[in-house]
Amino acid sequence: MKPVPHATPATPETSLRRAPVQRRSAERLTRILDACADLLDEVGYDDLSTRAVAQRAGVPIGSVYRFFGNKRQMADALAQRNLERFTEQVGERLKGADGGWRDALDAVLDEYLAMKRTAPGFSLVDFGNQIPVGARAEPNHRVADRLTELLSGYLHREPDEDLRRTFLIAVETADALVHLAFRMAADGDDRIIAEAREMIRAYLARVLD
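Counting restarts for each chain: residues are numbered from 1 in the order of the written sequence. The predicted origin of the model limits local features to residues at a pLDDT of at least 70 and limits the giving and counting of side-chain atom pairs to 80 or more, whereas totals for whole chains, interfaces and linings rest on all residues. Hydrogens and water molecules were not included; the side-chain quantities draw on all heavy atoms of the structure.

Novice: Before we move on, can you summarise the overall build of the protein with the specific residues and values?
Specialist: In terms of regular secondary structure, the protein is built from 10 helices and zero strands. By the burial criterion, 49% of the 209 residues in the protein qualify as buried. By the convention used here, residues are in contact when the closest approach between their heavy atoms is within 4.5 Å. When contacts within the protein are restricted to residue pairs at least 6 apart in sequence, long-range pairs at least 24 apart make up 69% of them. Note on areas: these come from Shrake-Rupley sampling with a 1.4 Å probe, and a residue is covered only by the protein chains present in the view. As presented, the protein carries roughly 10,700 Å² of accessible surface, and 50% of it is formed by carbon and sulfur atoms. Every helix listed is a DSSP run of H or I at least four residues long, and every strand listed is a run of E at least two residues long, numbered separately from the N terminus. For each residue, the accessible area found with a 1.4 Å probe, counting protein chains only, is set against the maximum for its type, and the residue is called buried under 20%, exposed over 50%, and partly exposed in between.

Given below as structure tokens:
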């Protein structure tokens, strides 16, 4: 199954033609994105169509076009939803933690691995790594920005450029090694994941301790 191909970057905000206002509209958007994710796993991006998404979601085709002009915009919105859910899950995980960066690293890596293994469509869309979204060319910049925003207070550090660069290096390293782990084994090679965790721990210990 081919990943979603590269395309002209589009921000998550512009991916939606119209933001849902009423609860019924929001629920319909959720069904559309859920259907898009399921179909990405089943048929891949090339064979994905807005009509198939509408049929799977049980909505009129016009409802899909109310939110999205094409399947590219649906994939962009799905990537953004993945990022939102990821940061929410990391935040929930850290509510009971002691405030150390090691707990934060485990939360970030564990939740990312959980999404890789269980979230529909994630293997093709991720946070946009297969389909560049956002103002920067690399979606990992967006992930690093979000982690800086989320974790700076938890770590009692200023959300400055130094912290953002630290997270960007960690994110790029994790991204490369986790993708290697999932190329080596369908559910992620545990030995490569363990090596990745130790490598990132060593880097963050030098920078954050």
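Picking up after the structure, the text goes on.
Novice: Give me the lowdown on the packing of aromatic side chains, citing residues and values where you can.
Specialist: Paired rings are identified among Phe, Tyr and Trp, the last through its six-membered ring, by centres lying within 6.5 Å, and are further divided according to the angle between planes into stacked (under 30 degrees), edge-to-face (over 60) and tilted (the rest). Tallied over the full model, the rule gives five aromatic pairs. Grouping aromatic residues by their ring pairs yields a cluster made of F86, Y112, F122 and F127. Two limits define a charge over a ring: the Lys NZ or Arg CZ must be within 6 Å of the ring centre, and within 35 degrees of the ring normal. Above the ring of Y45, the side-chain terminus of K71 is found at 4.5 Å from the ring centroid. The ring of F182 carries the charged tip of K116 above its face, separated from the ring centre by 4.9 Å.

Novice: Which residues make up the confidence of the model for the protein, and what values go with them?
Specialist: The quantity known as pLDDT measures the predictor's confidence residue by residue, on a range of 0 to 100. Counting all residues, the mean pLDDT for the protein is 86, and 86% of those residues have values of 70 or more. This stretch, residues 2-14, has a pLDDT under 50; its non-local contacts, to residues over four places away or in other chains, come to 32 contacts. Segment residues 132-137: pLDDT under 50, and 20 contacts once partners within four positions in sequence are set aside and those in other chains are kept.

Novice: Report on the nonpolar core, specifying residues and quantitative values.
Specialist: With 37 residues, the main nonpolar core has F86, L94, F127, L147, L151, F167 and L204 as its most contacted residues. If we skip the residues at most four places from it in the chain, L151 touches L94, A104, V108 and F167. Only buried Ala, Val, Leu, Ile, Met, Phe, Trp, Tyr and Cys residues count toward a nonpolar core, and they belong to the same one when joined by side-chain atoms within 4.5 Å.

Novice: Requested: an account of helix α10 (residues 190-208), with residues and values cited.
Specialist: Expected span, for any helix, means 1.5 Å times one less than how many residues it has. Relative to the 27 Å expected for 19 residues at 1.5 Å per residue, α10 spans 26 Å between its end C-alpha atoms, a close match to the ideal helical length. Within α10 the residues assigned to the buried category are I192, I193, A196, R197, I200, Y203, L204 and L208. Angular distribution of buried residues about the axis of α10 spans 140°; they occupy a single face of the element. Residues of α10 that are exposed and point more than 90 degrees away from the buried face comprise R191, E195, A202 and R206. By construction, the arc corresponds to the directions joining the helix axis to the C-beta atoms.

Novice: Got a sec to walk through the pattern of salt bridges? Specific residues and values, please.
Specialist: Only one rule defines a salt bridge in this text: a Lys or Arg side-chain nitrogen within 4 Å of an Asp or Glu carboxyl oxygen. The tally for this structure, following the rule as stated, stands at 17 salt bridges. A salt bridge links D190 to R117; its shortest N-O distance comes to 3.8 Å. Of this pair, D190 sits in helix α10 while R117 sits in helix α6 (residues 101-118), and the two are 73 residues apart along the sequence. For R117, a relative accessible area of 35% gives the class partly exposed. Several salt bridges converge on common partners, so that one network encompasses R93, D106, D110, E111, R197 and R201.

Novice: Describe the packing of helix α2 (residues 23-43) against helix α5 (residues 71-94), with residues and values.
Specialist: Fitting a line to C-alpha atoms yields each axis, with helices limited to the stretch in contact; the angle taken between N-to-C directions then spans 0 to 180 degrees. Where α2 contacts α5, the axes come no closer than 10 Å and their chain directions differ by 100°. As the angle between them shows, α2 and α5 are arranged roughly perpendicular. Between α2 and α5, the contacting residues are T30, I32, L33, D34, C36, A37 and L40 on the first element and M74, A77, L78, R81 and R85 on the second. Residue polarity is assigned by list, with Asp, Glu, Lys and Arg as charged and Ala, Val, Leu, Ile, Met, Phe, Trp, Tyr, Cys and Pro as nonpolar; anything else, Gly included, falls into the polar class. A breakdown of the residues in the contact of α2 with α5 according to their chemical character gives eight nonpolar, one polar and three charged. Roughly parallel covers angles under 35 degrees, roughly antiparallel covers those over 145, roughly perpendicular covers 65 to 115, and oblique covers all other angles.

Novice: Give me the lowdown on unusual backbone geometry, citing residues and values where you can.
Specialist: Phi angles above zero are rare outside glycine, and D126 is one such case at about 55°. Mapped onto the elements, D126 comes out in the loop between α7 (122-125) and α8 (139-151). Its relative accessible area of 1% is what places D126 among the buried residues. In the Ramachandran plot, H156 falls in the positive-phi region, its phi being about 55° despite a non-glycine side chain. Relative to the helices and strands, H156 is located in the loop between α8 and α9 (161-184).

Novice: Please give an account of the environment of Y65 that cites residues and values.
Specialist: When you line up the elements, Y65 lands in helix α4 (residues 61-67). Classification of Y65 by relative accessible area gives partly exposed; the value is 36%. C-alpha separation for the pair Y65 and A54, spaced 11 residues apart in sequence, amounts to 9.5 Å.

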